[in-house]
Amino acid sequence: MSSFGKVIGAALGLAAVVTAVMLIQRGNVLGKMWAITYEASSTGNQPISITFQETRGRYPGEDRSVKEHTLPAVQAPWSKEVTVFDGKEAKVTVTPPPGGTAGCRILLDGEKVLVENTSAPDKPVVCTATP
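Along each chain, the written sequence defines residue order, and numbers are assigned to residues from 1. Under the rules for a predicted model, residues below a pLDDT of 70 receive no local features and side-chain atom pairs below 80 are neither given nor counted, while totals for whole chains, interfaces and linings still include all residues. Excluding hydrogens and water, the side-chain values take into account all heavy atoms of the structure.

Quick look at the side chain of T55
Working definition: helices are DSSP H or I runs of at least four residues, strands are E runs of at least two. Numbering for both runs from the N terminus. Its place among the elements puts T55 in strand β2 (residues 48-55). Definition of a polar contact: a pair of N or O atoms within 3.5 Å, with one able to donate and the other able to accept a hydrogen when the atoms are protein atoms, and with sequence-neighbouring residues admitted only if both atoms are side-chain atoms. Reaching out from T55, the side chain makes a polar contact with the backbone nitrogen of F85 at a distance of 3.2 Å. If sequence neighbours within four positions are ignored, T55 has contacts with R64, S65, V66, T83, V84, F85 and K88. What makes two residues a contact is simply this: any of their non-hydrogen atoms within 4.5 Å.

Section: the state of the cysteines
Disulfides are defined as cysteine sulfur pairs within 2.5 Å. Throughout the structure, instances matching the rule amount to one disulfide. The disulfide partner of C104 is C127, and the gap between their sulfur atoms is 2.0 Å. Handedness of the C104-C127 disulfide follows from its S-S torsion of about 90°: it is right-handed. A residue pair is termed long-range when its members are at least 10 positions apart, and C104 in strand β6 (residues 102-108) and C127 in strand β8 (residues 125-129) qualify at 23 residues. In this structure, C104 and C127 share a single accessibility class: buried. To sort residues, take the accessible area from a 1.4 Å probe on protein chains only and compare it with the maximum for the residue type: under 20% means buried, over 50% means exposed, and anything in between is partly exposed.

Here's the deal with the side chain of T93
Within the fold, T93 resides in strand β5 (residues 90-95). A relative accessible area of 18% means that T93 is categorised as buried.

Describing the nonpolar core
Among the buried residues, those of types Ala, Val, Leu, Ile, Met, Phe, Trp, Tyr and Cys that are joined through side-chain atoms within 4.5 Å form a nonpolar core. Within the largest apolar cluster, 22 residues are counted, with the highest numbers of intra-cluster contacts made by I36, Y38, I50, W78, V92, V94 and I106. For this core, the secondary-structure elements that each account for two or more residues are β1 (33-42), β2, β4 (78-85), β5, β6 and β8. Excluding residues within four positions of it along the chain, V94 makes contact with A40, S41, I48, S49, A102, G103, C104, P124 and V125.

Regarding the packing of aromatic side chains
Any pair of Phe, Tyr and Trp rings, taking the six-membered ring for Trp, is counted once the centres come within 6.5 Å. Such a pair is stacked with planes under 30 degrees apart, edge-to-face with planes over 60 apart, and tilted for the rest. Summed over the entire model, instances satisfying the criterion amount to two aromatic pairs. Centroid distance Y38 to F52: 5.8 Å. Interplanar angle 55°. Geometry classified as tilted. Separated by 14 residues along the polypeptide, Y38 in strand β1 and F52 in strand β2 bring together distant segments of the chain. Each member of the pair, Y38 as well as F52, carries the same accessibility label: buried. Relative to W78, the ring of F52 has its centre 5.6 Å away and its plane inclined at 45°; by these criteria the two rings are tilted.

What follows is the structure, given as C-alpha cells:
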C-alpha cells in the first residue's frame, strides 16, 4: 500500500472512532440513562403504600419499556434508586396512612431535587419528572 493510501486509511479509521465516541456520548447508540432516587415519607413515619416506575433494559436490543412496581405497605421513610432513560418519565405515588399525610421527592444522581410534594390528609401524593 502506498503512503498516500496509508494516510487515507488512518484518517478514515480515526474519523470512524471519533464518530462512534460522539454517538455514544450523545446517547444515540446506548441512550442516556439517569440515576433517579425516589424518596417517600409519612406523618410519624407510619407505613405507606408506594407505586414507582423504572426503565427496564439498560443495553441496546433490550426491552426499554417503563415498568411499574407497587409496594402495598412499607415502613417510612423509604428510598429506592432506579434507572430512567432520557425522555422517560420518573414517577412515584405515595399513599399515606389513615389520617396522615405523605411526602415524595425525586432526586437526580442522589443530589439534585427534581420535584418535591406533600399530600393533603388521607390523600395520595404524586411526584413526576422527566430527566
